[in-house]
Amino acid sequence: MKTLRRIRALREALEPVVAGRTVGLVPTMGAYHAGHSSLFEAARSECDIVVVSLFVNPAQFEAGDDLASYPRDEKRDRRLAKAAGVDFLFAPSTEEMYPAGYSTWVDVEGLSERLEGRFRPGHFRGVATICLKLFNIVRPTRVYFGQKDAQQTAIVKRLAQDLDLGIEIRVLPTIRDEDGLALSSRNVHLSARERRAAIALPRALEAGHRAWRSGGDPVAAARATLNGLAPDYVEVFGTDERLVLAAAVRIGRTRLIDNVPLDEETP
Ligand code: AMP
């Protein structure tokens, strides 16, 4: 696996090897867990060349967000990416991605203002912008995202469709701990007590899913099962393709999001 930090170096490394081959891109912010690995492995099995980007994108954090405390361990990430068969790890600096004078932003209207967007204004502008930049740098055949970030996935699909990017967007299921908590880089910030409390989030979503299947109100059922956790929102979120029950909660200083697709059986 080659690690590259400059856009030009990545383009030069890709140029001689991509002709006639499929290229898979997995955008990430690092601090890898089994959710990331599942995307690397899917890309590895479906594409000839696998590129993973590792960039904690300041544009998708706002003042007061956890940019400074976002977990970072590039050495460990490099090891895990290499073990999953990644060919190129693109780990640029902030200056490389947003040099002085940077002024162009991508807004996916409507979708970006709901759910997460209401609590993190500007977040999806940062997400859409960095995704489009990465797509332009790598020119992938397919990009891989986790269902865990359902709204992000919907927004990237909209972006790809609206701007005729001609990229296939693959969405892979959420990987969970044994007790059901969705894996997240932010889980490392939870104390033992908070970690125990966090389990109410997937349980509430499951309760919502059960209510939905029996014709009840999924939002009310989920809210009633949050066990004292304070939700930013619990909402049914529909895109063209799927309907999910999504929620965000704050536990101490950590903010967790999760969702369940309502149109699928729970495992
Ligand atoms: P992040 O590094 O948190 O920006 O996530 C990079 C990619 O991994 C995104 O497409 C996420 O949706 C995906 N991802 C994060 N957590 C999980 C998970 N528990 N299961 C599957 N995919 C995930």
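All figures in this text were calculated on a predicted structure; none of them were measured in a lab.

Cut-off values and rules
- Residues numbered from 1 in each chain as written.
- Predicted model: local features only at pLDDT ≥ 70, side-chain atom pairs only at ≥ 80, totals over all residues.
- Heavy atoms only, no water.
- Helix = DSSP H or I, 4+ residues; strand = E, 2+ residues; numbered from the N terminus.
- Buried < 20%, exposed > 50% of the residue type's maximum accessible area, 1.4 Å probe, protein only.
- Domains from an automatic or database assignment.
- Contact = heavy atoms within 4.5 Å.
- Buried area = accessible area lost by both parts, 1.4 Å probe.
- Salt bridge = Lys/Arg side-chain N within 4 Å of Asp/Glu carboxyl O.
- Polar contact = N/O pair within 3.5 Å; in protein donor to acceptor, adjacent residues only side chain to side chain.
- Nonpolar A, V, L, I, M, F, W, Y, C, P; charged D, E, K, R; others polar.

So what exactly am I meant to see when it comes to unusual backbone geometry here?
Leave glycine aside and you will find that most residues have negative phi; peptide bonds, for their part, are mostly trans. For Ala-31, which is not glycine, the phi torsion reads 55 degrees and is therefore positive. Structurally, Ala-31 can be placed in the loop between strand 2 (23–28) and helix 2 (34–46). The backbone of Asp-164 sits at a positive phi, close to 50 degrees, despite the residue not being glycine. The class of Asp-164 is exposed, set by a relative accessible area of 68%.

Help me understand the domain arrangement of the protein, please; the structure alone is not making it clear to me.
As a measure of interface size, the accessible area lost when the parts come together is often cited. Along its sequence, the protein is carved into domain 1 (2–172) and domain 2 (185–260). Here the C-alpha centre of domain 2 lies 25 Å away from the C-alpha centre of domain 1. Between domain 1 and domain 2, the contact holds 24 residues from the first and 19 residues from the second. Roughly 1,800 Å² of surface becomes buried between domain 1 and domain 2 when both sides are summed, with 48% attributable to carbon and sulfur atoms. Of all residues in domain 1, Leu-115, Glu-116 and Phe-119 give up the largest surface area on contact with domain 2, accounting jointly for 29% of the area buried on that side. Connecting domain 1 to domain 2 are four salt bridges. Between the two partners, domain 1 and domain 2, sit 10 residue pairs in polar contact (both at pLDDT 80 or more). Among the secondary structure elements, those contributing two or more residues to the side of domain 1 that touches domain 2 are helix 5 (116–119) and helix 7 (150–162). A per-class count over the side of domain 1 that touches domain 2 returns nine nonpolar, six polar and nine charged.

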